[in-house]
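# Chain and residue survey
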Amino acid sequence: GKPEEAGKHYRWIVEKAPRDNWQRFRAEMSLVQLKRQGGGKREEVLKEYERLLGAYGAEANTAAEIHDSMAQVLMEMGKPEEAGKHYRWIVEKAPRDNWQRFRAEMILIEIELHAKGRTREAIQAYLELLSQHKKDPEIVRNVRQTVGQLYLEVGEEKEAKKYLSDQ
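Scope of this entry: the structure provided in the associated data block. Computed from a predicted model, the values in this text were never measured in an experiment. (Residues numbered from 1 in each chain as written. Predicted model: local features only at pLDDT ≥ 70, side-chain atom pairs only at ≥ 80, totals over all residues. Heavy atoms only, no water.)

### Some remarks on the nonpolar core
Rule in force here: Take the buried Ala, Val, Leu, Ile, Met, Phe, Trp, Tyr and Cys residues and link them wherever side-chain atoms come within 4.5 Å; each set so joined is a nonpolar core. Accessible area is worked out with a 1.4 Å probe on protein chains only. A residue is then buried under 20% of its type maximum, exposed over 50%, and partly exposed in between. Secondary structure elements are taken from DSSP: a helix is a run of H or I of four residues or more, a strand is a run of E of two residues or more, and numbering for both begins at the N terminus. In what follows, residue pairs with any heavy atoms lying within 4.5 Å of each other are defined as contacts.
Membership of the largest hydrophobic core comes to 23 residues, with the highest contact counts inside it found for Met29, Tyr49, Leu52, Ile66, Tyr87 and Ile90. Those elements giving two or more residues to this core turn out to be helix 2 (22-37), helix 3 (42-56), helix 4 (60-76), helix 5 (80-93) and helix 6 (99-112). Contacts of Ile66, omitting those with residues within four sequence positions, involve Phe25, Met29, Tyr49, Leu52, Leu53 and Tyr56.

Here it is as structure tokens:
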């Protein structure tokens, strides 16, 4: 598609839709995303997300989406500790069924444990996450794959196979 054309339509929605309108929020998020994809300075992109957080952050799912986007930009900037603060917000405040919450939990385990060489603690944290989400087959598959890979990393092939085989 053509980002300039899309931007015109998003700007029209932002100008015409009432502030509490879901389409307006989507359009504003899309405009920031276009700026981000178009090579906009990450600091400016973060300021835009902060503005959106002020405007739309009262609703938990919306705030989680904005925090998630901010964390992604901070990770791109090589600032995992700062990104972790946004992921921590999602884990603590987003509704349990929010998909960003699960992603945030996974990323926090990576940032806070695995990336710091605490692989066995990371495995335990992932197993805890697995027990919390055992009713969601996609999450179960994702976490089992991660646990299996970490077991391989610490040289426990027998344990790894339990998680990497299709069950």
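Additional details are given in the paragraphs that follow.
### Observations concerning helix 4
Two residues of an α-helix separated by three or four positions point the same way, owing to the 3.6 residues in each turn. This is how it is decided: The span one expects for a helix is its residue count, reduced by one, times 1.5 Å. Polar contacts, as used here, are pairs of N or O atoms within 3.5 Å; protein pairs need one atom able to donate a hydrogen and one able to accept it. Residues neighboring in sequence count only if both atoms are side-chain atoms.
Between its first and last C-alpha atoms helix 4 spans 24 Å; for 17 residues at 1.5 Å apiece the expected length is 24 Å, and the two agree. Within helix 4, 12 of the 17 residues are buried, which leaves the element mostly enclosed by the surrounding structure. Taken together, the buried positions of helix 4 are Thr62, Ala63, Ala64, Glu65, Ile66, His67, Asp68, Ser69, Met70, Ala71, Val73 and Leu74. Buried residues along helix 4 sit against helix 2, helix 3, helix 5 and helix 6. A side-chain oxygen of the first residue of helix 4 lies 3.3 Å from the backbone nitrogen of Asn61; this N-cap is Glu59. Positive phi shows up at Gly78, right after helix 4, with a value of about 75°.

### Structural notes on the packing of aromatic side chains
Heads up, the rule is: Only rings of Phe, Tyr and Trp enter the pairing, Trp through its six-membered ring, and a pair is recorded when the two centres are within 6.5 Å. The plane angle decides the type: under 30 degrees is stacked, over 60 is edge-to-face, the rest tilted.
Applying the stated rule across the entire model yields three aromatic pairs. For the ring pair Tyr151 and Tyr163, a centre distance of 5.8 Å and an interplane angle of 25° mean the geometry is stacked. Remark: Tyr163 occurs in helix 9 (residues 157-164) and Tyr151 occurs in helix 8 (residues 137-153); sequence separation between them is 12 residues. Accessibility classification places Tyr151 together with Tyr163 in one group, the buried group. Taken together through their ring pairs, the aromatic side chains of Trp22, Phe25 and Tyr56 make up a single cluster.

### Structural notes on the packing of helix 2 against helix 3
For the record, the criterion: Here the axes come from fitting lines to C-alpha atoms, over the contacting stretch only for helices, and the angles between their N-to-C directions go from 0 to 180 degrees. Put simply, angles under 35 degrees are roughly parallel, angles over 145 are roughly antiparallel, angles from 65 to 115 are roughly perpendicular, and the rest are oblique. Three categories are distinguished: nonpolar for Ala, Val, Leu, Ile, Met, Phe, Trp, Tyr, Cys and Pro, charged for Asp, Glu, Lys and Arg, and polar for the others, with Gly belonging to the last.
As a packed pair, helix 2 and helix 3 sit with axes 9 Å apart at the nearest point and diverge in direction by 170°. Considered as vectors, helix 2 and helix 3 are oriented roughly antiparallel to each other. Contacts from Arg24, Phe25, Glu28, Met29, Val32, Gln33, Lys35 and Arg36 of helix 2 reach helix 3 at Glu44, Val45, Glu48, Tyr49, Arg51, Leu52 and Tyr56. Per-class residue counts for the contact of helix 2 with helix 3 are seven nonpolar, one polar and seven charged.

### Structural notes on the environment of Gly84
Here Gly84 lies in helix 5. When near neighbours in sequence (up to four residues on either side) are disregarded, Gly84 contacts Leu108 and Ile111.

### A closer look at the packing of helix 4 against helix 5
Note the following rule: Take the far helix as your reference; a near helix turned counterclockwise from it by less than a right angle gives a left-handed crossing, and one turned clockwise gives a right-handed crossing.
Where helix 4 contacts helix 5, the axes come no closer than 8 Å and their chain directions differ by 165°. Taken together, the axes of helix 4 and helix 5 are roughly antiparallel relative to one another. Read as a crossing pair, helix 4 and helix 5 show a hand that is left-handed. Contacts between helix 4 and helix 5 pair Ala60, Ala63, Ala64, His67, Asp68, Met70, Ala71, Gln72, Leu74 and Met75 from the former with Pro80, Glu82, Ala83, His86, Tyr87, Trp89, Ile90 and Lys93 from the latter.

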